[in-house]
Amino acid sequence: MNERPKTVAELAVESPMLTGLTVAAAALAGKYSIQAWKSFMARPRVRKFYPGGFQSVMTRREAALILGVRESSELSKVKEAHRKVMSANHPDRGGSTYLAAKINEAKDLLLGQTRGASAF
């Protein structure tokens, strides 16, 4: 009358069908896990930075990409972004004069203070 409940191992030995179903379930779970992993790894990666070079005539889109703001950003956001990008790329701190000119051109374009085309 005091029978203890059977363990999974004891049930597996007594019922080969239960063992087969367990193995089949594990195989299916493994198969779908591998498929999910492959589809996860195949998805396109989001790039944080603009991969291309500069265009011959700067557009508002390119200017916004250079400064890291939206094309429709407020003037204060454009000025703050210009200050941050320029402080990292200033020629007096080892930055490129070409990049500094492009950064200034981007700021001028977004602020509506176009001085003409870039010197480069």
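Residues numbered from 1 in each chain as written. Predicted model: local features only at pLDDT ≥ 70, side-chain atom pairs only at ≥ 80, totals over all residues. Heavy atoms only, no water.

Trainee: In this structure, what is going on with the overall build of the chain? I would like to understand it.
Mentor: Scanning the chain from terminus to terminus reveals 5 helices and 0 strands. Counting from the amino terminus, helix and strand elements in the chain follow one another as α-α-α-α-α. With 120 residues in all, the chain has 18% of them scored as buried. Intrachain contacts of the chain at a sequence separation of at least 6 include 41% that bridge at least 24 residues. On the chain, roughly 9,600 Å² of surface is accessible, and the fraction owed to carbon and sulfur atoms is 60%. (Helix = DSSP H or I, 4+ residues; strand = E, 2+ residues; numbered from the N terminus. Buried < 20%, exposed > 50% of the residue type's maximum accessible area, 1.4 Å probe, protein only. Contact = heavy atoms within 4.5 Å. Areas by Shrake-Rupley, 256 points an atom, 1.4 Å probe, with all protein chains shown as cover.)

Trainee: Hey, could you run me through the environment of Gly-68 in this one?
Mentor: Looking at where Gly-68 falls in the secondary structure, it is placed in the loop between helix H3 (60–67) and helix H4 (75–89). Judged by relative accessible area, Gly-68 falls into the exposed class, the value being 65%. Sequence spacing of Gly-68 and Val-78 is 10 residues, and the spatial spacing of their C-alpha atoms is 8.8 Å.

Trainee: Any chance you could explain the nonpolar core here in plain terms?
Mentor: The nonpolar side chains of soluble globular proteins are, as a tendency, buried together. Within the largest apolar cluster, 15 residues are counted, with the highest numbers of intra-cluster contacts made by Leu-67, Val-69, Val-78, Ile-103, Ala-106 and Leu-110. The set of elements that each furnish at least two residues to this core consists of H3, H4 and helix H5 (97–111). At 5 residues, H5 tops the list of elements feeding residues into this core. Ignoring anything within four residues of it in the chain, the contact list for Val-78 reads Leu-67, Val-69, Ser-73, Lys-107, Leu-110 and Leu-111. (Core = buried A, V, L, I, M, F, W, Y, C linked by side-chain atoms within 4.5 Å.)

Trainee: In this structure, what is going on with the packing of aromatic side chains? I would like to understand it.
Mentor: Aromatic rings in a pair are described by how distant their centres are and how their planes are angled relative to each other. Evaluated as defined, the whole model comprises 1 aromatic pair. When the centroid spacing of 5.7 Å and the interplanar angle of 35 degrees are considered together, the rings of Trp-37 and Phe-40 count as tilted. Residue Trp-37 and its partner Phe-40 are located together in helix H2 (residues 16–42), separated by 3 residues, close to a single helical turn. Here Trp-37 falls in the exposed class, since its relative accessible area comes to 52%. (Phe/Tyr/Trp six-rings, centres within 6.5 Å; stacked < 30°, edge-to-face > 60°.)

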